[in-house]
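As a plain string of letters, each chain reads:
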Amino acid sequence: MFESPVARASFRIDPWPPDYGVSLQTEFDEDSTFQPLVQTDVEPVSWDEGITAPPVDRPRSIVFVDGVQRIDAWGFIDDGERAVEAALASVAVGAVDCTPEGASVVTWRVERLLALAGAREALSMHVAAGARTLEFRPVFSSRNDLSGRAAVNDAVSRRRHEMERRLGEEWLQDERLVVVDGRLSAPSSESAVVGLTKTIHQLYLEDPERRLLPKLGPGQRTPVFRIEYDSRTTRFSWFLRLADARPINHALAGVVRIETPDIGAGAAIRLADLTSACLPAFASRPEHDPRAPQNLLPVGALEKRLRHEMGDQLFIRRAIEDHLMQEVMA
C-alpha cells in the first residue's frame, strides 16, 4: 500500500538560446578515452566551500581577445576523380582593452579561408567583391577521426584559435591581464594570461571535489587544480561563477573554467584571486547578451565589431557565385 519515496529527476533549462549551442556539455570525463592527470591539492584549502577573492588591485589594463567565424558557402573541391567537402569561410579576431578610462576595440584581423575536409593540394581563390579582392587561402583539418562538414568546421576553428593565440601573445605585458577565449595553447609566460572557457565540455574533477561546483556563489571560485595533459602540456585551472543564476537554470549556469600556463602554484593562485575579483564585474546580463553571463560585456561588443568587419554575408555569397559563374563560362 505504501511505496518508498523515490527521488524525482527535475528538468532545468540551459539559459542560452538553442541557436547559440549550450553552456554545458553533458558528455564529461566519463565518456572520454583520454584522461589527463588532475592534481587537486595545489592550493592548501578545503574543497568544502567556494573561495571569495581577497581585495586585490585591478590591473591598469585588462585585454579581452576573442574571435568569430562564419561559413560563407559550402561546396566541394572536385578534381574529376574525387570530391572532398569544403567551404569558403570568414574568420575575424580582435582585442578590446579595458582601462579605468573606458573600453575600446584596439585591433582586429580578418582572414578568408578555403577549408577542406582533408589534406590535399588546393590553390587560393581570389574573389572580386566590389572594390576589393578577397583571397580565400586553403586550410585543412589534421584530425583523422573527423570527416565531411565536421572536419571542415574543425579546420576553420583551428585557424581561428591560432589567430587568437598569436594576437593574445602580442598583448602580453607586465601589469596587464590578458583574457583569451577558450583553452590556451600558448607556452608558459610570466605575464598574466588566462584562457576562459564559456562552454564547459569537461569537468576534470571527480567526487568529492566535483560537488563544490553547483554550490559556488557569485564571484566565488574553486581551489586551483593542476591538469597534466602530457609531459609537455600542463595547465593550472579553476572554476568561477560569474553571476547568480535563476533557480530554473541548471546547477552550473554562470560558471566558467579558467586556465593559465604552468607558471607555478603560487603565481596561479594569485592569478585565480585576480580573475575572481575582476571578471564578475564584466558579466553580461540576459537582456544584453543571449549567452549571459559567460559572454562578457567587452567580448559581446568585440564580436559585434568583428562581424561588421567580416562584411555582409549575402554580398560575399553573391560575389562568390559571380566568380564561379565566370570560371565556368571561361
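Quick note: structure is the one above.
Residue numbering note: each chain is counted from 1, following its sequence as written. Only residues with pLDDT of 70 or above have their local features reported here, since the model is predicted, and side-chain atom pairs are shown and tallied only from 80 upward, although totals for entire chains, interfaces and linings are computed over all residues. The basis for the side-chain values is all heavy atoms of the structure; hydrogens and waters are excluded.

## With respect to the overall build of the protein
Next up, step 1: Under the DSSP-based scheme used, a helix requires at least four consecutive residues in state H or I and a strand at least two consecutive residues in state E, with every element numbered from the N terminus. Helix and strand counts for the protein stand at 4 helices and 13 strands.
Next up, step 2: We call a residue buried when its accessible area falls under 20% of the maximum for its residue type, exposed when it is over 50%, and partly exposed in between, using a 1.4 Å probe and counting protein chains only. In the protein, which comprises 330 residues, the proportion classed as buried is 47%.
Next up, step 3: Accessible area for the protein stands at about 17,800 Å²; split by element, carbon and sulfur atoms hold 50% of it. Accessibility throughout is a Shrake-Rupley quantity obtained with a 1.4 Å probe, and a residue counts as covered only by protein chains that appear here.

## Here we look at the pattern of salt bridges
Next up, step 1: A side-chain nitrogen of Lys or Arg and a carboxyl oxygen of Asp or Glu constitute a salt bridge if their distance falls within 4 Å. Applying the stated criterion across every chain yields a total of 26 salt bridges.
Next up, step 2: A salt bridge links Arg-166 to Glu-162; its shortest N-O distance comes to 2.7 Å. On the criterion of helical spacing, the pair formed by Arg-166 and Glu-162 is a turn pair, its members being 4 residues apart in helix H1 (residues 148–170).
Next up, step 3: For Arg-166, a relative accessible area of 45% gives the class partly exposed.
Next up, step 4: Linked through salt bridges whose partners overlap, the residues forming this network are Asp-66, Arg-160, Glu-164, Asp-181 and Lys-198.

## Side note on the packing of aromatic side chains
Next up, step 1: Side-chain rings of Phe, Tyr and Trp, where Trp is taken by its six-membered ring, are said to pair if the distance between their centres is within 6.5 Å; with planes under 30 degrees apart they count as stacked, over 60 as edge-to-face, and otherwise as tilted. A complete count under the given rule lists 4 aromatic pairs for this structure.
Next up, step 2: Ring plane angle 85° and centroid distance 6.2 Å describe the contact between Tyr-204 and Tyr-229, whose orientation is recorded as edge-to-face. Here Tyr-204 is found in the loop between strand S9 (192–197) and strand S10 (220–221), whereas its partner Tyr-229 is found in strand S11 (residues 225–230), with 25 residues between them in sequence.
Next up, step 3: Linked through ring pairs, Trp-47, Phe-225 and Phe-239 together constitute an aromatic cluster.
Next up, step 4: Think of it as a cone above the ring: NZ of Lys or CZ of Arg counts as a charge over the ring if it is within 6 Å of the ring centre and within 35 degrees of the ring normal. Over the ring of Tyr-229 we find Arg-183, and its NZ or CZ is 4.4 Å from the ring centre.

## A closer look at helix H2 (residues 265–278)
Three or four residues apart is the spacing at which side chains of an α-helix point the same way, because the helix has 3.6 residues per turn.
Next up, step 1: End to end, H2 covers 20 Å across 14 residues, agreeing with the expected 20 Å (1.5 Å per residue, within 8%).
Next up, step 2: What H2 keeps buried is the set Ala-268, Ile-269, Leu-271, Ala-272, Asp-273, Leu-274, Thr-275, Ser-276 and Cys-278. A helix is expected to span 1.5 Å multiplied by its residue count minus one.

## Points about empty space enclosed by the protein
Next up, step 1: Grid points spaced at 1 Å and placed over the protein atoms alone form the basis of the search, with a cavity being a set where a 1.4 Å probe fits but cannot get out and a pocket an open set showing protein on both sides within 12 Å along at least five of seven lines. Lining residues have an atom within 4 Å of a point. Grid points are joined across faces, edges and corners, and a volume is the space filled by probe spheres set on the points. Applying the stated criterion to the full structure yields 1 cavity of 30 Å³ or more.
Next up, step 2: Estimates place the volume of the largest cavity at around 80 Å³.
Next up, step 3: Lining the largest cavity, in full, are Phe-64, Val-65, Asp-66, Val-179, Val-180, Asp-181, Leu-196, Lys-198, Gln-294, Leu-296 and Val-299.
Next up, step 4: Of all elements in the fold, only strand S3 (61–78) and strand S8 (176–181) reach the threshold of two or more residues within the lining of the largest cavity.
Next up, step 5: Just so you know the grouping, Ala, Val, Leu, Ile, Met, Phe, Trp, Tyr, Cys and Pro go in nonpolar, Asp, Glu, Lys and Arg go in charged, and all remaining residues, Gly too, go in polar. Of the residues in the lining of the largest cavity, the class split is 7 nonpolar, 1 polar and 3 charged.

## Quick word on the environment of Gly-266
Next up, step 1: Turning to its location among the elements, Gly-266 is positioned in helix H2.
Next up, step 2: On the basis of relative accessible area, Gly-266 is assigned to the partly exposed category, the value being 36%.
Next up, step 3: Measuring from C-alpha to C-alpha, the distance between Gly-266 and Val-42 comes to 9.0 Å, with 224 residues separating the pair along the chain.

## With respect to the side chain of Arg-291
Next up, step 1: Along the chain, Arg-291 falls in the loop between H2 and helix H3 (297–310).
Next up, step 2: Here a polar contact means two N or O atoms within 3.5 Å. Within protein one must be a hydrogen donor candidate and the other an acceptor candidate, and residues neighboring in sequence count only if both atoms are side-chain atoms. Here the side chain of Arg-291 touches Glu-303 through a polar contact of 2.6 Å, side chain to side chain.

## Things to note about the nonpolar core
Next up, step 1: Grouped together as the largest cluster of nonpolar side chains are 32 residues, with contacts concentrated most on Phe-64, Val-179, Val-224, Ile-258 and Leu-279.
Next up, step 2: Those elements that provide at least two residues to this core are S3, strand S4 (83–99), S8, S9, strand S12 (233–241), strand S13 (255–261), H2 and H3.
Next up, step 3: Among the elements that line this core, the one with the most residues is H2, at 6 residues.
Next up, step 4: When checking whether two residues touch, look at their non-hydrogen atoms; a contact exists if any pair is within 4.5 Å. With residues up to four places along the chain from it excluded, the contact list for Phe-64 reads Gly-94, Ala-95, Val-96, Cys-98, Val-179, Leu-279, Phe-282, Leu-296, Pro-298, Val-299 and Leu-302.
Next up, step 5: Core analysis: the second largest hydrophobic core is formed by 23 residues, Ala-89, Ala-95, Ala-115 and Trp-171 among them. Nonpolar core, defined: a set of buried Ala, Val, Leu, Ile, Met, Phe, Trp, Tyr and Cys residues in which side-chain atoms within 4.5 Å join the residues together.

## Section: H1
Next up, step 1: Over its 23 residues, H1 extends 34 Å from the first C-alpha to the last, a length consistent with the 33 Å expected when each residue adds 1.5 Å.
Next up, step 2: Ala-151, Val-152, Asp-154, Ala-155, Val-156, Ser-157, Arg-160, Met-163, Glu-164, Leu-167 and Gly-168 are the residues of H1 that are buried.
Next up, step 3: Next to the buried residues of H1 lie S3, S4, strand S5 (102–116), strand S7 (132–140) and S8.

Keep in mind that these numbers describe shape and distance, not what the molecule does.
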